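What follows is each chain in one-letter form.
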Amino acid sequence: GLRIVGDSMYPLLKSGDVIFYKQINDIANNMIWGEMYLISFDMDGEEYVTVKYLQKSDKKDHITLVSYNEHHRPLEIHVERIRAMAFVKASLRINSIK
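Residues numbered from 1 in each chain as written. Predicted model: local features only at pLDDT ≥ 70, side-chain atom pairs only at ≥ 80, totals over all residues. Heavy atoms only, no water.

### Re the packing of aromatic side chains
Item 1. All told, the structure shown has two aromatic pairs when counted by the stated rule.
Item 2. Judged by centre distance (5.7 Å) and plane angle (20°), the rings of F41 and Y48 are stacked.
Item 3. Classification of Y48 by relative accessible area gives partly exposed; the value is 40%. (Phe/Tyr/Trp six-rings, centres within 6.5 Å; stacked < 30°, edge-to-face > 60°. Buried < 20%, exposed > 50% of the residue type's maximum accessible area, 1.4 Å probe, protein only.)

Pasting the structure below:
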């Protein structure tokens, strides 16, 4: 699992939640539009890792990364920028009182 940091998928996923995922080896042929993915991509030499919904883009060879939180704008990236991708299978939220 991987612990979530940030609020782009709030309130569906909160910072501190743990997601469980399955790595996708053949990215180009195994994208399911509308599903939630953990995606690592390069932008201007920096690596970003994010959890987003995957949607088709109007631009050739691009995908659109969409947040659940409406305060975050969709982001279009070229498929060649993707370093790794995993399908989000489940999430875990732990609520505890000390």
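### Details of the sheet that holds strand β2 (residues 18-24)
Item 1. An order of β1-β2-β7-β3-β4-β5-β6 is seen for the seven strands of this open sheet, with the pairing classed as antiparallel. Looking at strand neighbours, the two that pair on one side only are β1 (2-3) and β6 (75-78), the edges of this open sheet.
Item 2. Bridge count for strand β5 (residues 62-66) against β6 is four bridges, and the pairing is antiparallel. The residue bridging L65 from the neighbouring strand is L75, located in β6. (Pairing = 2+ DSSP bridges. Helix = DSSP H or I, 4+ residues; strand = E, 2+ residues; numbered from the N terminus.)

### Here's the deal with the pattern of salt bridges
Item 1. Counted according to the given criterion, the structure contains five salt bridges.
Item 2. R93 is the partner of D17 in a salt bridge, and the nearest nitrogen-oxygen pair spans 2.8 Å. In this pair, D17 sits in the loop between β1 and β2 while R93 sits in the segment after β7 (82-92), placing the two residues 76 residues apart along the sequence.
Item 3. Given a relative accessible area of 4%, D17 falls into the buried group.
Item 4. D61 is the partner of K60 in a salt bridge, and the nearest nitrogen-oxygen pair spans 3.7 Å.
Item 5. What makes K60 exposed here is its relative accessible area of 69%.
Item 6. According to the relative accessible area criterion, D61 is partly exposed, its value standing at 41%.
Item 7. Bridged by salt links that share partners, the residues D42, E47 and R83 form one connected network. (Salt bridge = Lys/Arg side-chain N within 4 Å of Asp/Glu carboxyl O.)

### What about the nonpolar core?
Item 1. The biggest cluster of nonpolar side chains holds 13 residues, and the ones touching the most others in it are I39, L54, I82 and M85.
Item 2. Breaking this core down by element, the ones donating at least two residues are β3 (36-43), β5 and β7.
Item 3. Here I82 is in contact with I27, M31, I39, S40, F41, I63 and I77, once residues within four sequence places are set aside.
Item 4. In terms of nonpolar packing, the next biggest core, distinct from the first, is built from nine residues, M9, I19, V51 and V88 among them. (Core = buried A, V, L, I, M, F, W, Y, C linked by side-chain atoms within 4.5 Å. Contact = heavy atoms within 4.5 Å.)

### A short note on the pairing of strand β4 (residues 46-56)
Item 1. Of the strand pairs in this sheet, β3 and β4 are connected by eight bridges, and their pairing is antiparallel. Bridging from a neighbouring strand, S40 pairs with V49 of β4.
Item 2. The hairpin turn running from β3 into β4, its antiparallel successor, is two residues long, and D44 in that turn takes a positive phi close to 55°.
Item 3. Bridge count between β4 and β5: four bridges; the pairing is antiparallel. If you follow Y53 over to β5, its bridge partner there is V66.
Item 4. Hairpin connection, β4 to β5: the antiparallel pair is bridged by five residues, and D61 has positive phi, about 60°.

So yeah, pure geometry; function would need other evidence.
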